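# Observations on the three-dimensional arrangement
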Amino acid sequence: MSKLQNDLFLRACKRQPVERTPIWIMRQAGRYLPEYRDVRAKADFLTMCKTPELASEVTVQPIDIIGTDAAIIFSDILVIPEAMGMELIMHEGKGPIFTSPIRSEQAANLLKEIDPFLDLSYVLDAVVMTKRALNNRVPLIGFSGSPWTLLAYMVEGKGSKNFSEVKKLIYNNPRLAHSLLDMLADSIALYLSAKIEAGVNAVQIFDTWGGILSQEDFNEFSLQYMVRIIEQIKRKDEPIIVYAKGVHYGLDKLAASGADVVGLDWTMNLGSVRNQIGGKVALQGNMDPTVLYGTHEKIKSEVEKVLSSYGKGSGHIFNLGHGILPDVDPENAKALVRFVKEESVKYHI
Ligand code: 1CP
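To start, this report covers the structure provided alongside it.

The next subject is helix α16 (residues 330-343). Over its 14 residues, α16 runs 20 Å from end to end, which matches the ideal 20 Å to within 8%, given 1.5 Å per residue. Buried within α16 are the following residues: Pro330, Asn332, Ala333, Ala335, Leu336, Val337, Phe339, Val340 and Glu343. Those residues of α16 that are buried lie in contact with α2 (34-42), β8 (282-287), α15 (296-310) and β9 (316-320). The residue sitting at the N-terminus of α16 and contributing the capping side-chain oxygen is aspartate 329; that oxygen lies 2.9 Å from the backbone nitrogen of glutamate 331.

Encoded structure:
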C-alpha cells in the first residue's frame, strides 16, 4: 500500500489524515469519454469486459484524462449472473437484457455455482494487467453488485420501474428468493476475495436497488446478505465500501455492517450523516450527477457545498451520488476533479 504514489483514497477510507480530499467518479470509465467510445467502437461491451487488454485500457483512461485519485476496474455487476449461465445481451441504448429471466424453481435450478478463479478469471486477469498499467500511481477498486441488486436484474431480466417481478418472488416464494440470495452472497464473497488476491486495493458493493425495498424488506432481503459478504471477504487491509442508493433509514445499520465506508446518494445531507455515523465509518459522495450539466461556476459552487457540508477533517471521499451520465461533457468532469483538488485543501491541516 505504501508503495502507491497517491494513496489519498485509501487513507480517507481509513479516516486517516490527508492533505486534500480524494475524488473518484462512479462509472468514470464509460461512454461520456470519446476515448472510451473509440475502444467500444471496435468491440461489443461483453467482449471488452472479457478482454483484459481492453478492460485495462479503459480503466486507466480516466486516470490519465480526468485525473481521479482511484481507478475502478472496468467490468459490470452482471458478469456474475452471466457466469452462472444466464444469457446476457447488451442492447445499444436499451441497456443490458437477460434473455431468460429467473421466474421459477426450475429456472433457478439451472443456475450453476461459480468458481471465480475459473468462471471469472478474465476479470482477475484484467486486474493483474491494470495494476501493471497503473504502475502504482493510484489504487485500484474492485466491485460487485449486492445479492439483492443482482437478484433484481436476474428476475426482471432488465432495469425496471416497479420491480414487480422480483417483488412477486419475495412475497410469493420467499424461500426461493432466500436460496438465490444465499447462493449469490457466497459467490460474491468468493469473487471479491479473488479480486483482492489479484491485487485490488479496495472493494465496493453496489446496492443500487436497495432503496426500492421497505425498511423491513431491506433488512431481510438485502442488508443481511451484504453483512455476510463483508464477514466472508478475505482481506488484510483493503477497505470495503457499501453504496446503497436511497437507503436513508438504514444508515446506522450500514455503518455497523463491517464496511469501512458508506457511499451516499445526493438526496442525503452529508453533514447530518457525518454527525450520525461519521464516528464509525468514512463517507463517500454525494454530488448530484446532473450538476455536471451545469457551468463550471455552478460545478465549483456545488463542490464547495459538498465539501463544507462534510466539514473539516478526514474520512470523506468525494464522488457523485450515482454514476456519471453518458452525455456529460468530459471538460466538466475534468473541472470537477480540479475544483475538488483545489478547494478541499483548506478542509485539511
Ligand atoms: O455500451 C456500453 O458501453 C455499456 C454501458 C455500460 C458501462 C460503461 C454498462 C452497461 N456497464 C458499464 C460499466 C460499469 N458498470 C462499471 C465500470 C467501472 C466504472 O465505474 O467506471 C461499473 C462499476 C458498473 C456497475 C453497474 N452496472 C451497476 C451499479 C452501479 C450503478 O450505476 O448503479 C449497475 C446497476 C449496472 C447494470 C448496468 N450495466 C450497464 C447498464 C446500462 C446498466 C444499468 C441498467 C439498467 O438499470 O437499466
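Moving on: the site of the ligand. In the region of the ligand, 22 residues are neighbours, and Tyr36, Asp76, Tyr153, Thr208 and His322 sit closest. One of the backbone N or O atoms of arginine 27 is found 2.9 Å from an oxygen atom in the ligand. Take alanine 29: an N or O atom from its main chain is 2.8 Å from an oxygen atom of the ligand. Contact with the protein chains covers 89% of the free accessible surface of the ligand, which is 890 Å².

In this model helix α12 (residues 215-232) runs 24 Å from its N-terminal to its C-terminal C-alpha over 18 residues, within 8% of the 26 Å that 1.5 Å per residue would give. The sharpest bend along α12 reaches about 40° and sits at leucine 223. Taken residue by residue, α12 has Asp217, Phe218, Phe221, Ser222, Leu223, Tyr225, Met226, Ile229 and Ile230 as its buried positions. The inward-facing, buried residues of α12 contact α9 (147-156), α10 (164-172), α11 (174-198), β5 (202-207), β6 (240-244) and α13 (251-255).

Another aspect to go through is the layout of surface pockets. Empty space among the atoms can be located by rolling a probe the size of a water molecule over them. Volume-wise, the largest pocket comes out at about 1300 Å³. Taken together, 40 residues make up the lining of the largest pocket; nearest its centre are Arg27, Arg31, Asp76, Pro96 and Tyr153. Broken down by secondary-structure element, the contributors of at least two residues to the lining of the largest pocket are α2, β2 (88-91) and β3 (95-98). Its residues assigned to classes, the lining of the largest pocket comprises 21 nonpolar, 10 polar and nine charged.

When you tally the buried positions in β6, you get five out of five residues, the bulk of the element. The side-chain alternation of β6 yields two buried faces, one formed by Ile240, Val242 and Ala244 and the other by Ile241 and Tyr243. Pairing analysis gives five bridges linking β5 to β6, with the strands arranged parallel. By the bridge assignment for β6, aspartate 207 is matched with alanine 244. Handedness of the β-α-β unit built from β5, α12 and β6 comes out right-handed.

A separate point is the pattern of salt bridges. Opposite charge on two side chains permits pairing when their charged atoms draw close. Taken as a whole and assessed by the stated rule, the structure comprises 20 salt bridges. A salt bridge links lysine 305 to glutamate 302; the nearest nitrogen and oxygen atoms lie 2.9 Å apart. Taken together, the positions of lysine 305 and glutamate 302, both in helix α15 and three residues apart, correspond to about one turn of that helix. Residue classification places glutamate 302 among the buried positions, given a relative accessible area of 14%.

In terms of burial, β5 is a largely internal element, six of the six residues being buried. The alternating pattern of β5 places Ala202, Gln204 and Phe206 and Val203, Ile205 and Asp207 on opposite faces, both of which are buried. In the sheet, strand β4 (residues 140-145) pairs with β5 via five bridges, with the strands oriented parallel. Paired with phenylalanine 143 across the two strands is glutamine 204, which belongs to β5.

Turning next to the packing of α2 against helix α4 (residues 52-65). Running from amino to carboxyl end, α2 crosses α4 at an angle of 170°, the nearest separation of the two axes being 9 Å. As far as their axial angle goes, α4 and α2 are roughly antiparallel. Classified by chirality, the crossing of α4 by α2 is right-handed. Along the contact surface, α2 presents Glu35, Tyr36 and Val39, while α4 presents Leu54, Glu57, Val58, Gln61 and Ile65. Among the residues making up the contact of α2 with α4, the classes are represented as five nonpolar, one polar and two charged.

This next bit is on the packing of aromatic side chains. Taken as a whole and assessed by the stated rule, the structure comprises six aromatic pairs. For the pair phenylalanine 143 and phenylalanine 206, a centre-to-centre distance of 5.6 Å together with 90° between the ring planes defines the contact as edge-to-face. Of the two residues, phenylalanine 143 sits in strand β4 while phenylalanine 206 sits in strand β5, which places them 63 residues apart along the sequence. Accessibility expressed as a relative area gives 7% for phenylalanine 143, which makes it buried. Ring centres of phenylalanine 206 and tyrosine 243 lie 6.1 Å apart, and the angle between their planes is 75°; on these two criteria the pair is classed as edge-to-face. With phenylalanine 206 in strand β5 and tyrosine 243 in strand β6, the pair connects residues that are 37 residues apart, well separated along the chain. Taken individually, phenylalanine 206 and tyrosine 243 each receive the classification buried, so the pair is uniform in this respect. Through pairs of rings, three or more aromatic residues link up here, namely Tyr36, Phe45 and Phe74. One cation-aromatic arrangement involves lysine 195 over phenylalanine 143; the distance from NZ or CZ to the ring centre is 4.7 Å.

Conventions adopted
Residues numbered from 1 in each chain as written. Predicted model: local features only at pLDDT ≥ 70, side-chain atom pairs only at ≥ 80, totals over all residues. Heavy atoms only, no water. Helix = DSSP H or I, 4+ residues; strand = E, 2+ residues; numbered from the N terminus. Expected span 1.5 Å × (residues − 1). Buried < 20%, exposed > 50% of the residue type's maximum accessible area, 1.4 Å probe, protein only. Contact = heavy atoms within 4.5 Å. Polar contact = N/O pair within 3.5 Å; in protein donor to acceptor, adjacent residues only side chain to side chain. Near = heavy atom within 4 Å. Areas by Shrake-Rupley, 256 points an atom, 1.4 Å probe, with all protein chains shown as cover. Bend = angle between axes of the 7 residues up to and from the residue. 1 Å grid on protein atoms, 1.4 Å probe; cavity = no way out; pocket = protein on both sides within 12 Å on 5 of 7 lines; lining within 4 Å. Points joined across faces, edges and corners; volume = space filled by probe spheres on them. Nonpolar A, V, L, I, M, F, W, Y, C, P; charged D, E, K, R; others polar. Pairing = 2+ DSSP bridges. Right-handed = clockwise from strand over helix to strand, strands pointing away. Salt bridge = Lys/Arg side-chain N within 4 Å of Asp/Glu carboxyl O. Axes fitted to C-alpha atoms, helices over the stretch in contact; angles between N-to-C directions. Parallel < 35°, antiparallel > 145°, perpendicular 65-115°, else oblique. Left-handed = near helix turned anticlockwise from the far one by under 90°. Phe/Tyr/Trp six-rings, centres within 6.5 Å; stacked < 30°, edge-to-face > 60°. Lys NZ or Arg CZ within 6 Å of the ring centre and 35° of its normal.

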